[in-house]
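Take a look at the letters that make up each chain.
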Amino acid sequence: APTPQATANDPSVALALAEPKSATGEGSITAIDSDTGKITLAHGPVAELSWPAMTMGFAAKSGQTGGLKVGDKVRFAFRWDGKTAEIESIEKI
């Protein structure tokens, strides 16, 4: 008998693909947009997600960027859902 194969249409596979992952990184702030709640970071490699070093925008909650400015070196934790990276914590180093 054929073995059932999971497909992208299978709800359990879709759930696994959509499960957010937590990761950490270090980098420098290149932009802060308080109006949109976005912080742009030039960060080093992110081992948990097999990402190379890059510059990208992260969603930040109100108050998370207080006291930070462009050029600051930071350590941060974030959640990645496959589309959006959302800052969980960020601190100047």
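Residues numbered from 1 in each chain as written. Predicted model: local features only at pLDDT ≥ 70, side-chain atom pairs only at ≥ 80, totals over all residues. Heavy atoms only, no water.

## Some thoughts on the pairing of strand β5 (residues 85–92)
The following threshold applies: Criterion used throughout: strands pair if DSSP finds at least two bridges between them. Strands are runs of DSSP state E lasting at least two residues, helices are runs of H or I lasting at least four, and both sets are numbered from the N terminus onward.
Relative to β5, strand β4 (residues 73–80) is paired through 7 bridges, and the arrangement is antiparallel. Note that in β5 the partner of Phe78 across the bridge is Ile87.

## Let's talk about the nonpolar core
This is how the line gets drawn: Take the buried Ala, Val, Leu, Ile, Met, Phe, Trp, Tyr and Cys residues and link them wherever side-chain atoms come within 4.5 Å; each set so joined is a nonpolar core. Working definition: with a 1.4 Å probe on protein chains only, accessible area under 20% of the residue-type maximum means buried, over 50% means exposed, and in between means partly exposed. Two residues qualify as a contact provided that any one of their heavy atoms is within 4.5 Å of a heavy atom in the partner residue.
Core analysis: the biggest nonpolar cluster contains 17 residues, and Ile39, Leu41, Phe58, Phe76, Phe78 and Ile90 have the highest contact counts within it. Of all the elements in the fold, those that place two or more residues in this core are β1 (21–33), β2 (38–43), β3 (54–59), β4 and β5. The contact partners of Phe76, leaving out residues within four places of it in the chain, are Ala23, Thr24, Gly25, Glu26, Gly27, Leu41, His43, Phe58, Ile87, Ser89 and Ile90.

## With respect to the side chain of Gln64
Heads up, the rule is: Any pair of nitrogen or oxygen atoms within 3.5 Å is treated as a polar contact; in protein, a donor-acceptor pairing is required on top of that, and neighbouring residues in sequence qualify only through side-chain atoms on both sides.
Locating Gln64 in the fold gives a position in the loop between β3 and β4. A distance of 2.7 Å separates a polar atom in the side chain of Gln64 from the backbone nitrogen of Lys61. Within the structure, Gln64 has its side chain in polar contact with the backbone oxygen of Glu88 (distance 3.3 Å). For Gln64, the contacting residues outside a window of four places in its chain are Ile87, Glu88, Ser89 and Ile90.

## Considering the packing of aromatic side chains
Which entries qualify depends on this criterion: Side-chain rings of Phe, Tyr and Trp (the six-membered ring for Trp) are treated as a pair once their centres are within 6.5 Å; stacked means planes under 30 degrees apart, edge-to-face means over 60, and tilted covers the remaining angles.
The full count for this structure, using the stated rule, is 5 aromatic pairs. Here the aromatic rings of Trp51 and Phe78 are separated by 5.7 Å at their centres, their planes lie at 25°, and the arrangement is stacked. You can see Trp51 sitting in the loop between β2 and β3 and its partner Phe78 sitting in strand β4, a full 27 residues away along the chain. Across the pair, Phe78 and Trp51 agree in class, each one buried. Ring centres of Phe58 and Phe76 lie 5.2 Å apart, and the angle between their planes is 70°; this geometry places the pair in the edge-to-face category. Taken together, the residues span a long stretch of sequence, with Phe58 in strand β3 and Phe76 in strand β4 at a distance of 18 residues. Phe76 matches Phe58 in its accessibility class, with the two residues each being buried.

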